[in-house]
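Residue-level listing of the chains:
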Amino acid sequence: MNDSGWAGVAATVDGVPVSVDEVDAREATLRASPIASSLPRPGTSEGRQLRRWLTQLLVAERVVTTEAAARGVNVDDAPAEAEVLPDMTVRMEIGSVAASVLADPLARAVFAEVTAGTDVTDDEVAAYRERNPLRFSDIASAAAHLRAAARRRAFRLWLDARCAAVVQLAPGYEHPGDPRQPDNTHRH
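In this report, the structure presented in the accompanying data block is examined. Source: prediction; values computed, not measured.

### What to know about the packing of aromatic side chains
As enumerated under the stated definition, the model contains 3 aromatic pairs in all. Look at Phe111 and Phe155: their rings are 5.4 Å apart centre to centre, the planes differ by 55 degrees, and that puts the pair in the tilted class. Here Phe111 is found in helix H6 (residues 105-114), whereas its partner Phe155 is found in helix H8 (residues 139-166), with 44 residues between them in sequence. What makes Phe111 buried here is its relative accessible area of 3%. Their ring planes at 40 degrees and their centres at 6.2 Å tell us that Tyr128 and Phe136 sit as a pair that is tilted. Side by side, Tyr128 and Phe136 carry an identical accessibility label, which is buried.

Now the structure itself:
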């Protein structure tokens, strides 16, 4: 799509538009919430970055909803949020967009479906226990911990790959970390 073809559209997911109005509505909801005072001012570089992040969230939600329909999963198939994202460290590890998406039971059902075949080997468990001898008292706990981490990693990689395959972002709605967009502040 050329720049003029994006009027009113922040992104597309499989060719279906995500409107600027949807980004506006999500931002308005945030600005009316208890966290409003911690948000950047609208129109600032940080405010535009927030809108880019919200766009990432909206497209990821669309990708997950489309996948749920394609796989025939529903919220009855969803693990509890605390099972998938047990603490803040895990939320940071998986990334803010994926963690936010996984607040939705439908996304957790897709998580369960996408990662059902993800496992760890006995050798991986043994190596982990050797590196962390005091962390878990038994093999089953260590295996469960590693399996959960592997499933989160598999979901994040799946979500990133699906978004890369089906999402197009309009100018001004690029990924917040895209070094080509003018508000990027991530420097090395």
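From this point, the discussion proceeds with the structure in view.
### A closer look at the pattern of salt bridges
Tallied over the full model, the rule gives 14 salt bridges. A salt bridge links Glu22 to Arg62; the nearest nitrogen and oxygen atoms lie 2.7 Å apart. One end of the pair, Glu22, is in helix H1 (residues 20-31); the other, Arg62, is in helix H2 (residues 45-71), and 40 residues separate them in sequence. Judged by relative accessible area, which is 28%, Glu22 ranks as partly exposed. Residues Arg91 and Glu81 are paired through a salt bridge, measuring 3.0 Å at the closest nitrogen-oxygen approach. Within this pair, whereas Arg91 is found in helix H4 (residues 88-94), its partner Glu81 is found in helix H3 (residues 81-84), the two being separated by 10 residues in sequence.

### Some remarks on the environment of Ala109
For Ala109, the position within the fold is in helix H6. Separated by 35 residues in sequence, Ala109 and Asn74 have C-alpha atoms that sit 6.3 Å apart. Setting aside anything within four residues of it in sequence, one finds Ala109 in contact with Val73, Asn74, Asp77, Ala78 and Pro79.

### A look at the side chain of Thr115
Looking at the secondary structure, you find Thr115 in the loop between H6 and helix H7 (122-131). The residues contacting Thr115, other than those within four sequence positions of it, are Arg151, Ala154 and Phe155.

### What about the sheet that holds strand E2 (residues 16-19)?
Taken together, 3 strands build an open sheet; the order of strands is E2-E1-E3 and the sheet is antiparallel. Two strands lie at the open edges of the sheet, namely E2 and strand E3 (167-169), each paired on one side alone. Looking at each pair of strands side by side, their axes are set apart by 25 degrees on average, direction ignored. Of the strand pairs in this sheet, strand E1 (residues 9-13) and E3 are connected by 3 bridges, and their pairing is antiparallel. What sits directly across from Val13, in E3, is Val167.

### Digging into the environment of Leu39
Along the chain, Leu39 turns up in the loop between H1 and H2. Its relative accessible area of 16% is what places Leu39 among the buried residues. C-alpha of Leu39 to C-alpha of Val64: the two residues are 25 residues apart in sequence and 26 Å apart in space. The contact partners of Leu39, leaving out residues within four places of it in the chain, are Leu30, Arg31 and Leu50.

### With respect to H2
Look at H2: 39 Å from first C-alpha to last across 27 residues, which is about the 39 Å you get at 1.5 Å a residue. Two residues or fewer after H2 comes Gly72, characterised by a positive phi angle close to 70 degrees.

Basis of the calculations
- Residues numbered from 1 in each chain as written.
- Predicted model: local features only at pLDDT ≥ 70, side-chain atom pairs only at ≥ 80, totals over all residues.
- Heavy atoms only, no water.
- Phe/Tyr/Trp six-rings, centres within 6.5 Å; stacked < 30°, edge-to-face > 60°.
- Helix = DSSP H or I, 4+ residues; strand = E, 2+ residues; numbered from the N terminus.
- Buried < 20%, exposed > 50% of the residue type's maximum accessible area, 1.4 Å probe, protein only.
- Salt bridge = Lys/Arg side-chain N within 4 Å of Asp/Glu carboxyl O.
- Contact = heavy atoms within 4.5 Å.
- Pairing = 2+ DSSP bridges.
- Axes fitted to C-alpha atoms, helices over the stretch in contact; angles between N-to-C directions.
- Expected span 1.5 Å × (residues − 1).

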